[in-house]
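Breakdown of the fold
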Amino acid sequence: MATYAMGDLKKGLKIEIDGIPFKIVEYQHVKPGKGPAFVRIKIKSFLDGRVLEKTMHAGDKCEAPNLEDKKMQYLYDDGENCQFMDTTTYEQVAISVDDVGEAKKWMLDGMMVDVMFHNGKAIGVEVPQVVELKIIQTPPNFRGDTQGSNKKPATLETGAVVQIPFHVLEGEVIRVDTVRGEYIEKAGK
């Protein structure tokens, strides 16, 4: 297994500390006037989403986590767990709704997603950055609502709510950025 020294650390790198996989979300190299340089990092746990601050000094090492991403099909939510299937082996995996987290509001039955495994155990889900979803409820337009940057709320078929321009209507399919949770454009036919 690969190890990382202080000089190898950077934003976005995945590391393992005390058996827990983390992703570096903030990185700052500090060179004080007195004493040796060090790196201050903020790391986010893949297991529970906690964000921790850690200071790494020269000589400190951390491991590369045993992470694997698999393309899997989202089947359904049984109330406690979300069920996923490997489309090549037909093996099914259950992941708790809490572990799926924010990705849940962008997933439709049958959608292909990336399921992350740590040491063979499913720990999280990543949806595509852009998804196409149908608007199932939004207020009607009124005369004069077509100009400007005003927006209205729209409930999507997954239950997520995004702000959309007034010219977009109920029943239309839109493209949504799942990272920012924002409307991008109408989906092309």
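What counts and what doesn't
- Residues numbered from 1 in each chain as written.
- Predicted model: local features only at pLDDT ≥ 70, side-chain atom pairs only at ≥ 80, totals over all residues.
- Heavy atoms only, no water.
- Pairing = 2+ DSSP bridges.
- Helix = DSSP H or I, 4+ residues; strand = E, 2+ residues; numbered from the N terminus.
- Axes fitted to C-alpha atoms, helices over the stretch in contact; angles between N-to-C directions.
- Salt bridge = Lys/Arg side-chain N within 4 Å of Asp/Glu carboxyl O.
- Buried < 20%, exposed > 50% of the residue type's maximum accessible area, 1.4 Å probe, protein only.
- 1 Å grid on protein atoms, 1.4 Å probe; cavity = no way out; pocket = protein on both sides within 12 Å on 5 of 7 lines; lining within 4 Å.
- Points joined across faces, edges and corners; volume = space filled by probe spheres on them.
- Nonpolar A, V, L, I, M, F, W, Y, C, P; charged D, E, K, R; others polar.
- Contact = heavy atoms within 4.5 Å.
- Core = buried A, V, L, I, M, F, W, Y, C linked by side-chain atoms within 4.5 Å.

Looking now at the sheet that holds strand 11 (residues 121-126). With antiparallel pairing, the five strands of this open sheet are ordered in space as 9-8-7-10-11. Bordering the open sheet on either side are strand 9 (92-96) and strand 11, each of which pairs with just one other strand. The sheet shows a mean angle of 45° between the axes of neighbouring strands, direction not considered. Relative to strand 8 (residues 81-85), strand 7 (residues 67-77) is paired through four bridges, and the arrangement is antiparallel. Looking at the pairing, Gln 73 lines up with Met 85 of strand 8.

Scanning the entire structure with this criterion turns up eight salt bridges. In this structure, Lys 104 engages Asp 77 in a salt bridge whose closest nitrogen and oxygen atoms are separated by 3.6 Å. Of this pair, Lys 104 sits in the loop between helix 1 (97-100) and strand 10 (112-118) while Asp 77 sits in strand 7, and the two are 27 residues apart along the sequence. Put simply, Arg 180 and Glu 182 hold a salt bridge, and the shortest N to O gap is 3.1 Å. Given the relative accessible area of 39%, Glu 182 is considered partly exposed. Via salt bridges that share partners, Asp 177, Arg 180 and Glu 182 belong to a single interconnected network.

As a further point, take the layout of surface pockets. In this structure, the largest pocket encloses a volume near 1,000 Å³. In this structure, the largest pocket is lined by 31 residues; those nearest its centre are Lys 44, Phe 46, Val 100, Val 125 and Glu 126. Among the secondary structure elements, those contributing two or more residues to the lining of the largest pocket are strand 3 (20-30), strand 4 (38-45), helix 1, strand 10 and strand 11. Taken together, the residues that form the lining of the largest pocket break down as 12 nonpolar, seven polar and 12 charged.

Reading across from one edge, 14-13-12-15-16 is the order of the five strands in this open sheet, with antiparallel pairing throughout. Whereas interior strands pair on both sides, the edge strands pair on one side only; in this sheet they are strand 14 (161-165) and strand 16 (182-186). Averaged over neighbouring strand pairs, the angle between their axes works out to 55° when direction is ignored. By the bridge criterion, four bridges tie strand 15 (residues 173-177) to strand 16 in an arrangement that is antiparallel. When the bridges of strand 16 are listed, Asp 177 appears paired with Glu 182.

As a further point, take the environment of Asp 69. By the secondary structure assignment, Asp 69 is in strand 7. Between the C-alpha atom of Asp 69 and that of Phe 117, which follows or precedes it by 48 residues, the distance is 6.2 Å. Non-local contacts of Asp 69, meaning those with residues more than four positions away in its chain, are made with Val 115 and Met 116.

It is worth spelling out the nonpolar core at this point. Counting residues in each nonpolar core, the largest one holds 29 residues, and the members touching the most others are Phe 84, Met 107, Val 115, Val 125, Leu 156 and Ile 174. Once you skip the residues sitting within four places of it in the chain, Met 107 turns out to touch Tyr 74, Cys 82, Phe 84, Val 100, Val 113, Val 125, Val 127 and Thr 158. Within the second largest apolar cluster, 14 residues are counted, among which are Tyr 4, Leu 13, Ile 17 and Phe 22.

Another point: the environment of Phe 117. Summarising the element assignment, Phe 117 is placed in strand 10. In this structure the C-alpha to C-alpha distance between Phe 117 and Leu 67, which are 50 residues apart in sequence, comes to 5.6 Å. Those residues in contact with Phe 117 that sit more than four places away from it in its chain are Asn 66, Leu 67, Glu 68, Lys 70, Met 72, Val 93 and Ala 122.

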